[in-house]
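In case you want the letters, here they are:
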Amino acid sequence: MTTTTSAPQRSPAGYADLPHLMGLMTGDEKHGPAATSTLDALWVLYDRVLRVTPATAEAADRDRFLLSKGHGPMAYYAVLAAKGFLPADWLPGFGAYDSPLGHHPDRTLLPGVEIGSGSLGHGLPLAVGTALGLRARGLYGRPGQDPRVWVLVGDAELDEGSNHEAIAYAGAAGLDSLHTVVIDNSSATHALPGGIAARFEAAGWSTATVDGHDHEALYAAFTAPHPGRARAVVARVTPAYA
Amino acid sequence: MDTMRERFASVTSRLLDEDPRLAVVLAEIGTDGFAAAARRHPDRVLNVGIREQLLVGVGGGLALAGMRPVLHTFASFLVERPFEQIKLDLGHQDAGAVLVSAYGSYDWPAGGQTHMAPGDVALLDTLDGWTVHVPGHPDEAGTLLRHAVAAGDDKVYVRLSQQSNAVGMPDTGAGFLTVREGAAGVVVAVGPLLDDVLAATEGLDVTVLYATTVRPFDGAALRAAVGAGRAADVVLVEPYLAGTSTAYANDALADVPHRVLGLGTARRELRRYGTVPEHLRAHGLDPASLRERIAAFTGARAGTRAAA
């Protein structure tokens, strides 16, 4: 008998359970930096910010979280399992032919997953369209009815030009239901220091840059008011590949 | 008579009034036609500027939020430039949209190659589940647009043309329409090339089928037309890349010996400006060229029409 056989099964788990849940996918291997760089931001979002639960995963007025940076999704799957969206006993199948858990997520295979991603630069434009759609349906902007849209991108992902089409438009349109979390692990080639927040600001977004592992700082940045403006939070994390 | 593009704006503006789920997304092209609708429905007529990746990405997001998006710009910038967005933001997300293009092939010859996308239908053929409408008249464009919008969450491409037949044909849903019957072969005329095909085959003993919906391809109608004749010789006349539908015709005729000639625009870049009639001649799609090529392939000659 060991103490490591009691994997959580749908029952909500805590932050301390995440390494174990990730270990179910990765075995004894060290967790990939691309996955762990997102773990704290994902946890704070799902634990304290997003108004969506397994019971409301299909509700029209739920908050939407779109993982655009779809590579290295172990942290995402672990958080979804911890919050009961996915059964934890799916995790060991990660990447297998008969598993719904791919190395890039597929929304048609996974409950609670809003988009399929993997090819970079698709989540932010989809998030803009989702925010516009919720507004057009009258679901956003009424008292008590304000589903918000969140999208998580990587700093190197911002190399893709499609993001800049979305940043420019969402800023000009004042899409204040839209929130972008940029996980900045200094992996972009040809990046200008401080350039990420500056680009969003130049397009009219409200921005904050915080320590991507500091839960209170993330929470404060995620929940600060930004009336009439889209919001970007740059979460700085340890450079992945020094 | 208004153009197909004008009909698109008027019909879709009316549909915006009727259907609260409908949203139109533009990328600067075609905004004039939707100015009044945009004032009535500012949240459902959206212009994202000259940003075609965003055009399709926004369409995918609107669909994920429960809307029925209609996306419009020139075919080059709607299908070719953001092709991965069509593949992923619609197909992979299992999201639907109506894509409405203009200037597909030789519609603006003076605009040159940058404003031509004769490979648009062939490109969509690499993806699953697309319905493709090619209206040949503004009346048909209006009807097919209504079908497209009403088609649940399907992925539908509507290819509008500057070229038009003289009169609109009856709505056959998705099926081919038998316009003329003969015994020496079957000619399938697509959209705006019907009048030229009818002129080209005048007096020839061939069946002419008319297609305004090419995907799904009405293989049953083609098979039935071939079965009724003595020769399984089929000519496809399409206003886009030659041979785009040849594989579909071959599949429909898999159980019968047959030959298929695929006519359409040439793959070779013309590097010529000029007019639509000049480009039709250059591609061999004018009535005289079509008659020569159809007669040579099928062996049908004037005066050989069956007595019946």
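This text follows the structure it describes.
**Q** Quick question: what am I supposed to make of the overall build of chain B here?
**A** A tally of regular secondary structure across chain B gives twelve helices and twelve strands. For chain B, the spread of C-alpha atoms along the three principal axes comes to 60 × 40 × 35 Å. Considering only contacts within chain B whose residues lie at least 6 apart along the sequence, 72% involve residues at least 24 apart.

**Q** Help me out: how do you make sense of the overall build of chain A in this one?
**A** Within chain A one finds eight helices and five strands. For chain A, the N- to C-terminal ordering of α and β elements is α-α-α-β-α-α-β-α-β-α-β-α-β. Taken against the 2.2 N^0.38 rule, which gives 18 Å for 242 residues, the C-alpha radius of gyration of chain A at 17 Å falls within 12% of a compact globule. Per-residue burial for chain A yields a buried fraction of 49% across its 242 residues.

**Q** Explanation requested: the sheet that holds strand β3 (residues 178–184) of chain A in the structure shown.
**A** Residue and element names in this part refer to chain A. Spatial strand order, β1-β2-β3-β5-β4: five strands in an open sheet with parallel pairing. Where the open sheet ends on each side, the last strands, each with one partner, are β1 (64–67) and β4 (206–211). Neighbouring strand axes in the sheet, compared pairwise and without regard to direction, differ in orientation by 20° on average. Looking at chain direction, β1 and strand β2 (residues 149–154) are connected through four bridges and run parallel. Residue pairing in the sheet places F65 in a bridge with W150 of β2.

**Q** Mind showing me how you'd approach the sheet that holds strand β8 (residues 186–190) of chain B here?
**A** Note: strands within a sheet are paired through backbone hydrogen bonds, in either parallel or antiparallel orientation. Residues and elements named next belong to chain B. Taken in spatial order, the five strands make up an open sheet running β7-β9-β8-β11-β12, and their pairing is mixed. This sheet does not close on itself; its edge strands, each paired only once, are β7 (177–180) and β12 (259–265). Here the average twist between neighbouring strands, direction ignored, is 25°. Sheet analysis places β8 next to strand β11 (residues 233–241), joined by four bridges and oriented parallel. Considered in β11, the bridge of A189 is made with V237. Of the strands in this sheet, β8, β11 and β12 are in contact with helix α12 (residues 287–298), which crosses β11 at around 150°.

**Q** Can you help me understand the interface of chain B and chain A in this one?
**A** When the parts of a complex come together, some accessible area is lost, and that lost area is often taken as the interface size. Counting from both sides, the interface comprises 25 residues of chain B and, opposite them, 24 residues of chain A. Elements that contribute at least two residues to the side of chain B that touches chain A include exactly α3 (52–64) and α5 (83–92) of chain B. At nine residues, α3(B) tops the list of elements feeding residues into the side of chain B that touches chain A. Looking at the side of chain B that touches chain A residue by residue, the classes come out as ten nonpolar, nine polar and six charged.

**Q** Where do I start with unusual backbone geometry in this structure?
**A** Glycine aside, residues mostly have negative phi angles, and peptide bonds mostly take the trans form. Residues and elements named next belong to chain B. Omega for the peptide link from R215 to P216 comes to 0°, which places this bond in the cis form. Along the chain, the position of P216 falls in the loop between β10 (213–215) and α9 (219–228). The backbone phi angle of Y103 is positive, close to 55°, even though this residue is not glycine. Along the chain, Y103 turns up in the loop between β4 (97–102) and α6 (120–124). The backbone of R271 shows a phi angle near 55°, a positive value even though the residue is not glycine.

**Q** Is there a simple way to think about the nonpolar core in this case?
**A** Across soluble globular proteins, nonpolar side chains show a tendency to be buried alongside one another. V128(A), V188(B), L222(B) and V237(B) are the most contacted members of the largest nonpolar core, which totals 167 residues. It is helix α4 (residues 74–82) of chain A that provides the largest number of residues to this core, a total of nine residues. Structurally, this core is a two-domain feature, drawing no fewer than three residues from each of domain 1 (4–159) and domain 2 (177–298) of chain B. Ignoring any residue separated from it by four or fewer positions in sequence, one finds V188(B) in contact with F176(B), L209(B), A211(B), L222(B), V234(B), L236(B) and V237(B).

**Q** Sorry if this is basic, but what is going on with the packing of helix α1 (residues 4–18) of chain B against helix α7 (residues 138–150) of chain B here?
**A** Angle between the axes and distance between the axes: these two values describe a pair of packed helices. All names here are of chain B. Between α1 and α7, whose axes approach to 9 Å, the crossing angle comes to 40°. One finds that α1 runs oblique with respect to α7. Considering only the axes of α1 and α7, their crossing is right-handed. Across the interface between the two elements, M4, R7, F8, V11, T12 and L15 of α1 pack against P138, A141, G142, L145, R146 and V149 of α7. Among the residues making up the contact of α1 with α7, the classes are represented as eight nonpolar, two polar and two charged.

**Q** It is not clear to me how the pairing of β11(B) should be interpreted in this structure. Could you clarify?
**A** Consecutive side chains of a regular strand alternate in pointing toward one face of the sheet and then the other. The element β11(B) is extensively covered by neighbouring structure, given that nine of its nine residues are classed as buried. What joins β11(B) to β12(B) is helix α10 (residues 246–252) of chain B, and the crossover it makes is right-handed.

**Q** Help me understand α1(B), please; the structure alone is not making it clear to me.
**A** The α-helix advances 3.6 residues per turn, and as a result positions three or four apart in sequence lie on the same side. All names here are of chain B. The end-to-end C-alpha distance of α1, which contains 15 residues, comes to 21 Å, matching closely the 21 Å that a straight helix rising 1.5 Å per residue would cover. Those residues of α1 that fall on the buried side of the exposure criterion are M4, R5, R7, F8, A9, T12 and L16. Those residues of α1 that are buried are in contact with β1 (22–26), α2 (35–40), β2 (45–47), β3 (68–74), β4 and α7.

Scoring rules and cut-offs
- Residues numbered from 1 in each chain as written.
- Chains lettered and ligands numbered in written order.
- Predicted model: local features only at pLDDT ≥ 70, side-chain atom pairs only at ≥ 80, totals over all residues.
- Helix = DSSP H or I, 4+ residues; strand = E, 2+ residues; numbered from the N terminus.
- Contact = placed C-beta atoms within 7 Å.
- Rg over C-alpha atoms; globule rule 2.2 N^0.38 Å.
- Buried ≥ 20, exposed ≤ 12 C-beta atoms within 10 Å, placed from the backbone.
- Pairing = 2+ DSSP bridges.
- Axes fitted to C-alpha atoms, helices over the stretch in contact; angles between N-to-C directions.
- Nonpolar A, V, L, I, M, F, W, Y, C, P; charged D, E, K, R; others polar.
- Core = buried A, V, L, I, M, F, W, Y, C linked by C-beta atoms within 7 Å.
- Domains from an automatic or database assignment.
- Parallel < 35°, antiparallel > 145°, perpendicular 65-115°, else oblique.
- Left-handed = near helix turned anticlockwise from the far one by under 90°.
- Right-handed = clockwise from strand over helix to strand, strands pointing away.
- Expected span 1.5 Å × (residues − 1).

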